[in-house]
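Tertiary structure, described
What follows is the residue order along each chain.
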Amino acid sequence: QQNVQQSPESLIVPEGARTSLNCTFSDSASQYFWWYRQHSGKAPKALMSIFSNGEKEEGRFTIHLNKASLHFSLHIRDSQPSDSALYLCAVSNTDKVVFGTGTRLQVSP
Amino acid sequence: DAGVTQTPRHEVAEKGQTIILKCEPVSGHNDLFWYRQTKIQGLELLSYFRSKSLMEDGGAFKDRFKAEMLNSSFSTLKIQPTEPKDSAVYLCASRDRGTGQLYFGEGSKLTVL
């Protein structure tokens, strides 16, 4: 049974800061790793994904994946107030998708 | 393109009632998921369909929760009978098998009194 954990539970950072969010998983056979972002009262939306070990950058966002450590992370450069949201990591194979409980990020102006 | 549509957006039920939540996935998506979202538990998987076949029935949620996929463009989640602990946001998502990305509806917020 896949177990996905996120840390920290919540985070407050000043505008312009670099933010790091963490996700650990238990099933070493997992293949697909996603970050979703959910603004208050809205639907979760996909932010980024990674499928092989290493790093992937898209704009201000970077994902790191280390399958051997059962860990992946999301880094946000130059955090903006509009980044304030619940961040959900998701892990899957070709089948079901399991989410972490989320990290609530608040970026203060 | 239409995204995932969920109805109703809000539902208030008395304990013991039967409620039915509805979901229309993105056209062409063959995988459909139902999740329950609470602040404490996060997103819990209730059901997962692949090409209308039930692949995952949510284990602990089996007894009072039943999801059905009546055709490739419509799914329902029935909760019977409802209990106050069922108060949560119920999210439906469909998956683009090409990218693996989930597309979520806005959710149905259920309050059970």
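Our subject is the structure that appears above.
Please read all numbers here as calculations on a predicted model, not as lab measurements.

Topic: the overall build of chain B
- A tally of helices and strands in chain B yields zero helices and eleven strands.
- From first element to last, N terminus to C terminus, chain B shows the α and β order β-β-β-β-β-β-β-β-β-β-β.
- Computed over C-alpha atoms, the radius of gyration of chain B comes to 13 Å, within 12% of the 13 Å expected from 2.2 N^0.38 for 113 residues, which places it in the range of a compact globule.
- Along the first, second and third principal axes, the C-alpha set of chain B runs to 40 × 25 × 25 Å.
- The 113 residues of chain B split such that 44% are buried.
- When contacts within chain B are restricted to residue pairs at least 6 apart in sequence, those whose partners lie at least 24 apart make up 53%.
- Total accessible area on chain B is roughly 5,700 Å²; 48% of this is exposed by carbon and sulfur atoms.
- The average position of the 15 basic charges and that of the 14 acidic charges among the side chains of chain B differ by 2 Å.

Topic: the layout of surface pockets
- Computed from the structure, the largest pocket encloses a volume of approximately 750 Å³.
- In this structure, the largest pocket is lined by 27 residues; those nearest its centre are Leu86 and Arg104 of chain A together with Gln37, Thr38 and Lys39 of chain B.
- Going through the elements one at a time, β9 (85–92) of chain A together with β4 (31–38), β5 (42–50) and β9 (88–95) of chain B are the ones with two or more residues in the lining of the largest pocket.
- Considering each element in turn, the lining of the largest pocket owes the most residues, three residues, to β9 of chain B.

Overview of the nonpolar core
- Among the nonpolar cores identified, the biggest contains 23 residues, and Val4, Phe25, Phe33, Trp35, Phe72, Leu74 and Tyr87 of chain A are the most heavily contacted of them.
- Secondary-structure elements contributing two or more residues to this core are β3 (19–25), β4 (32–38), β5 (45–50), β7 (61–66), β8 (71–76), β9 and β11 (103–108) of chain A.
- Looking at this core, the element that brings in the most residues is β9 of chain A, giving four residues.
- In this structure, Leu32, Trp34, Ala67 and Tyr90 of chain B belong to the second largest nonpolar core, which totals 20 residues.

Details of the packing of aromatic side chains
- Counted according to the given criterion, the structure contains 15 aromatic pairs over all chains.
- With 6.2 Å between their ring centres and 55° between their planes, Phe25 of chain A and Phe72 of chain A make a pair best called tilted. Taken as a pair, Phe25 of chain A in strand β3 and Phe72 of chain A in strand β8 lie far apart in primary sequence, 47 residues in all.
- Its relative accessible area of 5% is what places Phe25 of chain A among the buried residues.
- Three or more aromatic residues link up through ring pairs in this structure, and these residues are Tyr32, Trp34, Tyr36, Phe51 and Phe99 of chain A together with Phe33, Tyr35, Tyr48 and Phe104 of chain B.

Here is what the cut-offs are and how they apply
- Residues numbered from 1 in each chain as written.
- Chains lettered and ligands numbered in written order.
- Predicted model: local features only at pLDDT ≥ 70, side-chain atom pairs only at ≥ 80, totals over all residues.
- Heavy atoms only, no water.
- Helix = DSSP H or I, 4+ residues; strand = E, 2+ residues; numbered from the N terminus.
- Rg over C-alpha atoms; globule rule 2.2 N^0.38 Å.
- Buried < 20%, exposed > 50% of the residue type's maximum accessible area, 1.4 Å probe, protein only.
- Contact = heavy atoms within 4.5 Å.
- Areas by Shrake-Rupley, 256 points an atom, 1.4 Å probe, with all protein chains shown as cover.
- Lys, Arg positive; Asp, Glu negative; His and termini not counted.
- Charge placed at Lys NZ, Arg CZ, Asp CG, Glu CD.
- 1 Å grid on protein atoms, 1.4 Å probe; cavity = no way out; pocket = protein on both sides within 12 Å on 5 of 7 lines; lining within 4 Å.
- Points joined across faces, edges and corners; volume = space filled by probe spheres on them.
- Core = buried A, V, L, I, M, F, W, Y, C linked by side-chain atoms within 4.5 Å.
- Phe/Tyr/Trp six-rings, centres within 6.5 Å; stacked < 30°, edge-to-face > 60°.

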